[in-house]
Amino acid sequence: MSISLDYTNMMADAIHSKFGILEEDIAGFVEQTKEIHQHIQARRDNGELPFFDLPCNLEVIDEVLNLASDIQKSFDNLVVLGIGGSALGTTAMFNALCYGHNLQDKGQRGGLPRLYVLDNVDPDGFAAHLALCDAARTCFLVISKSGTTVETTSQFLVARQWVEESVGEHYRDHFVLITDPESGVLRELADREGFRSCAIPAGVGGRFTAFTPVCLLPLACVGVDISSLLKGAADFSRFVCHGGLESNPAYLNAVLQYLAYQKGLKTSVLMPYSDRLKDLADWYRQLWAESLGKKFATDGTVIHIGPTPVSALGTTDQHSQVQLYMEGPFDKVVTFIVVDEFDQDLQFPGYKASPEMSYLTGHTMGELIRVEQQATAAALVRNHRSNCTIHIPKVTPETVGALIYMFEIQTLFAGYLFDVNPLDQPGVEEGKLFTYALMGRQGYEAKAEEYATIKAHLKPRVLTCK
Ligand code: PA5
């Protein structure tokens, strides 16, 4: 497997602008990279970064495959209830590796269940998905590291009653709870009520759970080769787990992104040219935003820092976003992901009735999408716009595993560069607490008062058109 990072078009000698990076800018990080790497290694050895070693934990495979086999035998629909890190990785890998699965009939799916990842509490969306499923043939994976997230809790309450009304006291057989190994409401419920459960390894935060049962169980249920997924990540570790900046794409990309940010390119666009990788860009958007967007530096100083990640899709967004990237403010760096070989390709036939189309004859759709990416990259260069390209040979469990692992390590390393803790998300907690207060949860009365005070100081300005 070869994955490459082509950063030619981020360099000053390519884009001829102050936003371009100089060789000496990168060289300035060589020593720091070695030091950060040593620090990361020490924390890893200390057991503080368990996500690093997940791809090598092969014990999880048997546990997940056994459970998946039971689920496959009994159910036609598998519904993930979770949000953020408990949902986005599954969606990304499901669409990358099982594209179109839910549109196939049961025979085409090899008898495997459909998979729905419900990560919102929009009653229209949730009800519409339940309406697609027969409760008696539906299994829910309730996924929450903390076990307290209100979106997941509320989904569970509705789903539990919906199943019980259909199957009666055996409703528990329709749920698997995936949560902390020891603490939290879901763990207590699993122990007390006898729900089946899987553990999210201690110390692995939501957005770093791609190689835990959080994603592995739903993916295994729909036939993804999870051994190859883990192997792809494990094999790629030799490229991304060393302190040599020039030959480590995770560290190098973190440094490049950091330098771009320092030069004023504060928006980071990830734009795969592949429908199958569209949701991988969404997964990455959360990883980058929640890990690096922080108020405090590690020493407690207020810094309000963090690149704004944006996900886009090639070629689709060439006709939506690219005008802005090309001519708008100089505040973006675009990272393309290019798939060198598609599983299928379609050749363009001739059509005598339209000679204007004949330039396409004999070419293929795979060729066209690759050419369009090259054309967009060249046009960006011409407009002095920073961009780089990650090439993967094909979309396979191995390459997707490797990409995810690379991005996770890149994000951790970037945390050191931005001088923030990439493993926490205090800004998300604040909103959760107000929600509990407004929903009348006991113990949050002070928060409810705080909310009332904020509202009382606002002068309403609302334009209503009746
Ligand atoms: O990455 C994270 O930690 C978050 O996005 C969480 O996954 C998200 O808030 C859901 O939390 P939980 O898994 O505890 O329900």
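A quick note: this is a predicted structure, and the numbers were derived from the prediction, not measured.

A few points about the domain arrangement of the chain
- By domain assignment, the chain separates into domain 1 (4-42 + 243-418) and domain 2 (52-224).
- Relative placement of domain 1 and domain 2: their C-alpha centres are 31 Å apart.
- At the junction of domain 1 and domain 2, the tally comes to one salt bridge.
- Taken together, the links from domain 1 to domain 2 amount to five residue pairs in polar contact (both at pLDDT 80 or more).
- At the level of elements, α12 (278-292) and α15 (397-418) are the ones that each hand at least two residues to the side of domain 1 that touches domain 2.
- A class-by-class count of the residues in the side of domain 1 that touches domain 2 yields twelve nonpolar, four polar and seven charged.

Digging into unusual backbone geometry
- Geometrically, the link from Gly314 to Thr315 is a cis peptide bond, its omega value of 0° lying close to zero.
- The topology assignment puts Thr315 in the loop between β10 (308-311) and α13 (322-327).
- The backbone phi angle of His384 is positive, close to 65°, even though this residue is not glycine.
- Mapping His384 onto the fold places it in the loop between α14 (365-382) and β12 (387-392).
- Here the phi dihedral of Asp419 falls at roughly 60°; this positive angle occurs in a residue that is not glycine.

A look at the packing of helix α10 (residues 226-240) against helix α11 (residues 249-262)
- One can describe the packing of α10 onto α11 by two numbers: an axis separation of 7 Å at closest approach and a directional angle of 60°. In this view, α10 runs oblique relative to α11, as classed from their interaxial angle. Residues Phe236, Phe239 and Val240 of α10 form the contact with α11, whose own contacting residues are Pro249, Ala250 and Tyr251.
- Here the contact of α10 with α11 is composed, by residue class, of six nonpolar, no polar and no charged.

Things to note about the packing of aromatic side chains
- The final tally for this structure, using the stated rule, is 22 aromatic pairs.
- Summarising the aromatic geometry, the rings of Phe52 and Tyr405 are spaced 6.5 Å apart at their centres and angled 85° between planes, so their arrangement reads as edge-to-face. Pair noted here: Phe52 is in the loop between α3 (30-45) and α4 (59-74) and Tyr405 is in helix α15, with a separation of 353 residues, a long-range link. We note that Phe52, like Tyr405, is buried.
- By the ring-pair criterion, three or more aromatic residues cluster together here, those being Phe140, Phe156, Trp162, Tyr171, Phe175 and Phe195.
- For Arg160, the ring lying beneath its charged end belongs to Tyr171, and the centroid distance is 4.8 Å.
- Its guanidinium or amino end placed over the ring of Phe330, Arg385 lies 3.6 Å from that ring's centre, counting from NZ or CZ.

Section: the pairing of strand β5 (residues 175-179)
- Most of β5 is tucked away: five of the five residues are buried.
- Pairing analysis gives five bridges linking strand β4 (residues 138-144) to β5, with the strands arranged parallel. Along β5, the bridge assignment pairs Ile143 with Ile178.
- In terms of handedness, the path from β4 via helix α7 (residues 150-167) over to β5 forms a crossover that is right-handed.

A few points about the site of the ligand
- If you check the shell around the ligand, you find 14 residues, and the closest are Ser144, Ser146, Thr149, Gln286 and Glu290.
- In the environment of the ligand, an oxygen atom lies 2.9 Å from a nitrogen or oxygen atom belonging to the side chain of Ser86.
- Between the ligand and Gly206, the relevant distance is 3.4 Å, taken from an oxygen atom to a main-chain nitrogen or oxygen of the residue.
- Compared with its free state, where it exposes 380 Å², the ligand has 92% of that area covered by protein.
- Applying the majority rule of atoms within 2 Å of the grid points places the ligand in the second largest pocket.

Details of the pattern of salt bridges
- Under the defined criterion, the tally for this structure stands at 21 salt bridges.
- We note a salt bridge from Asp424 to Lys294, for which the minimum N-O separation is 2.9 Å. Of the two residues, Asp424 sits in the loop between α15 and α16 (426-438) while Lys294 sits in strand β8 (residues 294-296), which places them 130 residues apart along the sequence.
- A relative accessible area of 27% means that Asp424 is categorised as partly exposed.
- One network of salt bridges, in which partners are shared, links Arg276, Glu341, Asp343 and Lys394.

Examining the nonpolar core
- Formed by 103 residues in total, the largest nonpolar core has its most connected members in Ile71, Leu141, Leu217 and Phe407.
- The dominant element in this core, judged by the number of residues it contributes, is α15, at 13 residues.
- Two domains each provide a minimum of three residues to this core, namely domain 1 (4-42 + 243-418) and domain 2 (52-224).
- Those residues in contact with Ile71, other than ones at most four positions away along the chain, are Leu78, Cys139, Leu141, Val176, Leu217 and Cys221.
- Of all hydrophobic cores here, the second largest spans 19 residues; its members include Leu130, Phe156, Leu186 and Leu189.

So, the state of the cysteines
- Across all of its chains, the model carries zero disulfides by this definition.
- Cys241 forms no disulfide, and the closest cysteine sulfur to it belongs to Cys56, at a distance of 8.6 Å.
- On the basis of relative accessible area, Cys241 is assigned to the buried category, the value being 18%.

Here's the deal with helix α5 (residues 88-97)
- For α5, the tally of buried residues reaches ten of ten residues, placing the bulk of the element in the interior.
- By the burial criterion, the buried members of α5 are Leu88, Gly89, Thr90, Thr91, Ala92, Met93, Phe94, Asn95, Ala96 and Leu97.
- On its buried side, α5 packs onto β3 (114-118), α9 (213-221), α10, α12 and α15.

The rules behind the values
- Residues numbered from 1 in each chain as written.
- Predicted model: local features only at pLDDT ≥ 70, side-chain atom pairs only at ≥ 80, totals over all residues.
- Heavy atoms only, no water.
- Domains from an automatic or database assignment.
- Salt bridge = Lys/Arg side-chain N within 4 Å of Asp/Glu carboxyl O.
- Polar contact = N/O pair within 3.5 Å; in protein donor to acceptor, adjacent residues only side chain to side chain.
- Helix = DSSP H or I, 4+ residues; strand = E, 2+ residues; numbered from the N terminus.
- Nonpolar A, V, L, I, M, F, W, Y, C, P; charged D, E, K, R; others polar.
- Axes fitted to C-alpha atoms, helices over the stretch in contact; angles between N-to-C directions.
- Parallel < 35°, antiparallel > 145°, perpendicular 65-115°, else oblique.
- Contact = heavy atoms within 4.5 Å.
- Phe/Tyr/Trp six-rings, centres within 6.5 Å; stacked < 30°, edge-to-face > 60°.
- Buried < 20%, exposed > 50% of the residue type's maximum accessible area, 1.4 Å probe, protein only.
- Lys NZ or Arg CZ within 6 Å of the ring centre and 35° of its normal.
- Pairing = 2+ DSSP bridges.
- Right-handed = clockwise from strand over helix to strand, strands pointing away.
- Near = heavy atom within 4 Å.
- Areas by Shrake-Rupley, 256 points an atom, 1.4 Å probe, with all protein chains shown as cover.
- 1 Å grid on protein atoms, 1.4 Å probe; cavity = no way out; pocket = protein on both sides within 12 Å on 5 of 7 lines; lining within 4 Å.
- Sits in = over half its atoms within 2 Å of the grid points.
- Core = buried A, V, L, I, M, F, W, Y, C linked by side-chain atoms within 4.5 Å.
- Disulfide = S-S within 2.5 Å.

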